Amino acid sequence: MAQVQIVACTVAPNITTTTYSSWCPAANRRILLVDDIQIQAGQAIVQVDRTHNQQAYDDMLVMFGLFILALVGIWGAKQLLNLFSSDTEK
């Protein structure tokens, strides 16, 4: 099963022009990740099955956690540096 990306327009397209960028402005385009797509020749029917990609969600959650951990670590190191490098003669 291959992963397919479909570009969809969130508003009704203006098909009086000749280019896709004129049909659907960039602000109205969305990319849909599709795991399975089935197009039947000779018919105007496109069947798309969208499934939740749990692996990508888990990876992004781990990246967010590592970012927060790094942020807290840097902030803590700065606080320790300020504690030990402050002027003790005051």
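Residues numbered from 1 in each chain as written. Predicted model: local features only at pLDDT ≥ 70, side-chain atom pairs only at ≥ 80, totals over all residues. Heavy atoms only, no water.

Here we come to the overall build of the chain. In terms of regular secondary structure, the chain is built from two helices and four strands. Traced from its N-terminal end to its C-terminal end, the chain shows the element sequence β-α-β-β-β-α. Excluding contacts between residues fewer than 6 apart, the proportion of contacts in the chain whose partners are at least 24 apart in sequence is 41%. Roughly 7,900 Å² of accessible area belongs to the chain as shown, and the carbon and sulfur atoms make up 64% of that amount. (Helix = DSSP H or I, 4+ residues; strand = E, 2+ residues; numbered from the N terminus. Contact = heavy atoms within 4.5 Å. Areas by Shrake-Rupley, 256 points an atom, 1.4 Å probe, with all protein chains shown as cover.)

Let us look at a nonpolar patch on the surface. A cluster of nonpolar residues, Phe64, Phe67, Ile68, Leu71 and Val72, forms a patch on the protein surface that exposes about 500 Å² of accessible area. A relative accessible area of 51% places phenylalanine 64 in the exposed class. (Patch = residues over 30% accessible without salt bridge, like charges linked within 9 Å, V, L, I, M, F, W, Y side chains within 5 Å. Salt bridge = Lys/Arg side-chain N within 4 Å of Asp/Glu carboxyl O. Buried < 20%, exposed > 50% of the residue type's maximum accessible area, 1.4 Å probe, protein only.)

With that out of the way, let us pick up the confidence of the model for the chain. Looking at the chain as a whole, the pLDDT averages 77, with 69% of positions reaching at least 70. Of all helices and strands in the chain, the one with the weakest mean pLDDT is strand 4 (residues 46-49) (58), whereas helix 2 (residues 54-84) scores best (92). (pLDDT = per-residue confidence, 0-100.)

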